[in-house]
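Residues per chain are reported as follows:
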Amino acid sequence: MSMFSNPFSLKSTLRRCLCGRHASAEEHAAAERAAKLSDEERYKEVVASGLMRALFPNDLKRRAFLKAVGTSTAAAALATFFPLDMATEAFAQTGKPEKTDLKVGFIPITCATPIIMAHPMGFYKKHGLNVEVVKTAGWAVVRDKTINKEYDAAHMLAPMPLAISQGLGSNPIPFVAAAIENINGQSFTLGIKHKDKMDVKSWKGMKLAIPYDFSMHNYLLRYLLAENGIDPDTDVQLRVVPPPEMVANLRAENIDGFLAPDNVAQRAVFDGVGFIHSLSKTMWDGHPCCSFAASREFISTMPNTYAALLRAIVDATGYASKAENRKAIAEAIAPAAYLNAPPIVLEQVLVGKYADGLGNIKDDPKRVDFDPFPWDSFAVWMLTQMKRWGQIKGDVDYTKVANEVFLATDAAKVMKEMGLTPPATTSKSFSVMGKVFDPGKPAEYVASFAIKRS
Amino acid sequence: MKSLGARAGLLSVLLFLAFCALWQIAVTPGASTGPALDPEYAKLMGITTAGSQSAMPGPLDVAGKLWDNLKRPFYDNGPNDKGLGLQLLYSIGRVFIGYALAVLVAVPIGFLIGMSPLAYRALDPFIQVLKPISPLAWMPLALYTIKDSSLSAIFVIFICSVWPMLINTAFGVGAVRKEWLNVARTLEVGPWRRAFTVILPAAAPTILTGMRISIGIAWLVIVAAEMLVGGTGIGYFVWNEWNNLSIANVIVGILLIGVVGMVLDLILARFQKRVTFPE
């Protein structure tokens, strides 16, 4: 913590501090003070401290100098011949990454668009990183490889960091959702033989696929079924199938339908095996889907690398959110190394003009959208659904978990740096199928459903 | 007048051609494609002239894909897109390491079990329980405990190919004829010399049979493991092409898996021939 000690102070002692983590009581106090400072002030101090130490490497001489001219004079003198402000800014912008060769895992679906396109379109390179994006066979494998540190960070479903942090389906390991990858971008898709079953109430007895237990797909599909009076645990069969394998399963009639990323749904249409019943955005416009996730350990041991990576992702997400860039992105991510899919399929997803499989052409530019901001209230909603369907047993401190896992403050800072406008708050209300969700009253929300497990 | 071999070869070729012809006929689409579609909709559906393009491929499509892949087997476009040759090398490399480890463990332990009826009876229940476990059942456990996906794949090969070798070695060693051992005892041959000059040569054909079964299992396992874990290898290639729903490439992958499996088996068959002796 010596970088954070105040070089202008005369009171430093050379004894160890009370907590033992700092070289002196002075450093201990400085660290405590630094924690309370804003980033900008802290950067300024770190830079000034570095400069002071560079000018006077000898502790005694530095003190003698400070004693002679006074602390404030010393700081002012320093500022006159050295552009302290500029140096501070440079430090804040480009803290040198501790490690530049990184591995980021992804599942080949359009939700991963920012993570994938950042590679061919040079966003990682722009932020000084050499990132290898690695295609992965399924969500459980992404989870294990990220926990095993084979991946430094990964594309995950938004509820996965919440689940991993709480030890659902794995050992509890503190994970974070640093940014949301995409919003919307999912479709309810049924096999072509179910053409006449537009009414959800007629889905009783179907075998439906979802990508993972801890997914927005699971919660949205269950929500939709329950709102239509179908108990998702007893009246239908929900199966976990990795997204890339859903079309083949639908063709083989192993499943009757699925809720999956749009490129999978569009592929089912393209291959003539299914039709798009509805988009997930009709349930909740602007719902989160996938996230960019990393372990807390990665963030704390490599803060600069994490910051650079987050900047690259937010930068790419900002680029992807603009409609005029979508066609180029579709071409960039279509090759075998990335999504390995026909460009025409990806274009229909990203541009939003698509065939629905029933002979109609629909046009919805917001079919999938990209907005990196990890709203705390999104996390709270996911937690309410985990509770509702019995994935979480016992009491849960919704706000605390949401704050720990969804790094809204970090994302807001990076967005500001990138010239984007982050929201002023970290929580917002929204409604799902017309029912308003108040993130301040999660327990009441869970209790309000007719069909639930707990 | 022709030799049996030549006639058999001719018959093989004829069977292959007949199979391809039937295949081609089966996948040729009928003439009618239903009512004409709106051209814009047809474009979004990827329908060009007649029929959908992602139907079951014919033998010519597969041959074309095979040629494409064989033309440049060693290209490397980053971690997710490598040539078929490279993928095969990754798989063969994994199999080789896992299999070599299995040989190192199975043959000595098999020897011990074969020489001691007590050890055989004591260890047999464990072997019988562990032997039938499917490779993929081991995979999550391996990923969880080893915490490294490529090591896990190697471990799975090891754990699945070790049992046939172990059992066959034990059986071969146990079945060495008592007369030979008695002769060795009469001549006062030491235990080490007895193991290497009497038992090993006598049991070698059985041991090699076990090794041959094991290499087949190892090759089966690696394809399945790579499909599950992803990354590299021929199994990953098949999985990746399945995502792409490129059935032609999947068939190419299957074909090559078969060919490599056959070659591995032939190599061990050659060894087996060498150690086999007439009684």
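Residues numbered from 1 in each chain as written. Chains lettered and ligands numbered in written order. Predicted model: local features only at pLDDT ≥ 70, side-chain atom pairs only at ≥ 80, totals over all residues. Heavy atoms only, no water.

## Some points on the overall build of chain B
The test is simple: Only DSSP runs of H or I covering at least 4 residues are called helices, and only runs of E covering at least 2 are called strands; the numbering of each starts at the N terminus. Our radius of gyration is a C-alpha quantity, and the globule rule it is checked against amounts to 2.2 Å times the number of residues to the power 0.38. For every residue, the accessible area obtained with a 1.4 Å probe (protein chains only) is divided by the maximum for its type, and the residue is called buried under 20%, exposed over 50%, and partly exposed between those limits.
Along its length, chain B carries 11 helices and 0 strands. Counting helices and strands in the order they occur from the N terminus, chain B gives α-α-α-α-α-α-α-α-α-α-α. Computed over C-alpha atoms, the radius of gyration of chain B comes to 25 Å, more than 25% over the 19 Å expected from 2.2 N^0.38 for 279 residues, which places it beyond the range of a compact globule. Counting only C-alpha atoms and orienting by the principal axes, one finds that chain B spans roughly 90 × 65 × 35 Å. Looking at the 279 residues of chain B, the share that counts as buried comes to 41%.

## Quick look at unusual backbone geometry
Across residues other than glycine, the phi torsion is negative in most instances, and most of the peptide bonds are trans. Although it is not a glycine, Asn340(A) sits at a positive phi angle of roughly 55°. With respect to the helices, strands and loops of the structure, Asn340(A) is situated in the loop between helix H15 (326-333) and helix H16 (343-351). Within the chain, Lys147(B) stands out as a residue other than glycine whose phi angle is a positive 60°. Using a relative accessible area of 42% as the deciding quantity, one classes Lys147(B) as partly exposed.

## A short note on empty space enclosed by the protein
Just so we agree on the cut-off: Buried and open spaces are told apart on a 1 Å grid over the protein atoms alone, a cavity being a set of points where a 1.4 Å probe fits but cannot get out and a pocket being an open set with protein on both sides within 12 Å along at least five of seven lines. Residues with an atom within 4 Å of a point are the lining residues. Grid points are joined across faces, edges and corners, and a volume is the space filled by probe spheres set on the points. When residues are grouped by polarity, Ala, Val, Leu, Ile, Met, Phe, Trp, Tyr, Cys and Pro land in nonpolar, Asp, Glu, Lys and Arg in charged, and all others, Gly among them, in polar.
Scanning the model with the defined rule gives 3 cavities of 30 Å³ or more in all. In terms of lining, the largest cavity is formed by 13 residues, of which the most central are Pro108(A), Asn263(A), Val264(A), Arg267(A) and Asn243(B). Secondary structure elements with two or more residues in the lining of the largest cavity: helix H11 (243-251) and helix H12 (262-270) of chain A. For the lining of the largest cavity, the per-class residue count stands at 9 nonpolar, 3 polar and 1 charged. Taken as a whole, the second largest cavity encloses approximately 50 Å³ of empty space. Lining the second largest cavity are Ile113(B), Tyr120(B), Asp124(B), Ile127(B), Gln128(B), Ile167(B) and Ala170(B). Within the residue set of the lining of the second largest cavity, elements represented by two or more residues are helix H5 (117-130) and helix H7 (149-174) of chain B. Ranked by residues supplied to the lining of the second largest cavity, first place goes to H5(B) with 4 residues. A class-by-class count of the residues in the lining of the second largest cavity yields 5 nonpolar, 1 polar and 1 charged.

## A word on the interface of chain B and chain A
The test is simple: Note on definitions: a residue-residue contact is assigned when non-hydrogen atoms from the two residues lie within 4.5 Å. Two parts placed together each lose some accessible area under a 1.4 Å probe, and adding up what both lose gives the buried area. Each reported salt bridge corresponds to a side-chain nitrogen of Lys or Arg within 4 Å of a carboxyl oxygen of Asp or Glu. Under this definition, polar contacts are N or O atom pairs within 3.5 Å; protein pairs additionally need one hydrogen-donor-capable and one acceptor-capable atom, and for neighbouring residues in sequence, both atoms have to be side-chain atoms.
The interface of chain B with chain A comprises 32 residues on the first partner and 39 residues on the second. Of the roughly 2,900 Å² buried at the junction of chain B and chain A (both faces included), carbon and sulfur atoms supply 53%. For chain B, the biggest contributors to the area lost against chain A are Tyr41(B), Leu44(B) and Leu245(B); these three give 21% of the whole. For the pair chain B and chain A, the interface holds 1 salt bridge. A salt bridge links Lys353(A) to Glu40(B), with the shortest nitrogen-to-oxygen separation between them at 2.8 Å. Between chain B and chain A we count 12 residue pairs in polar contact (both at pLDDT 80 or more) in total. Taken together, the elements giving at least two residues each to the side of chain B that touches chain A come down to helix H2 (39-44), helix H6 (135-146), helix H9 (191-229) and helix H10 (234-243) of chain B.

## As for the sheet that holds strand E1 (residues 101-106) of chain A
Residue and element names in this part refer to chain A. What counts here: Note: two strands are recorded as paired if DSSP finds a minimum of 2 bridges between them. Throughout, an axis means a line fitted to C-alpha atoms (over the contacting stretch in the case of helices), and angles, computed between N-to-C directions, take values from 0 to 180 degrees.
Taken together, 5 strands build an open sheet; the order of strands is E2-E1-E3-E11-E4 and the sheet is mixed. Taken across any chain shown, the strands that pair with only one partner, and hence form the sheet edges, are strand E2 (130-135) and strand E4 (175-180). Going across the sheet, the axis of each strand differs from the next one's by a mean of 30°, ignoring polarity. Across 5 bridges, strand E3 (residues 153-157) lies against strand E11 (residues 290-295) in antiparallel orientation. Paired with Leu157 across the strands is Cys290, a residue of E11.

## Topic: H12(A)
Residues and elements named next belong to chain A. Across the 9 residues that make up H12, a large majority, 9, are buried. Listed in full, the buried residues belonging to H12 are Asp262, Asn263, Val264, Ala265, Gln266, Arg267, Ala268, Val269 and Phe270. Where H12 ends, the next residue or the one after it, Gly272, has phi of about 70°, a positive value.

## Description of the confidence of the model for chain A
Under the convention used in this document: You can read pLDDT as the predictor saying how much it trusts each residue, on a scale of 0 to 100.
For chain A, per-residue confidence averages 85 on the pLDDT scale, and 82% of positions sit at 70 or higher. Every residue in residues 1-5 of chain A scores below 50 in pLDDT, and together they form 19 contacts with partners more than four places removed in sequence or on other chains.

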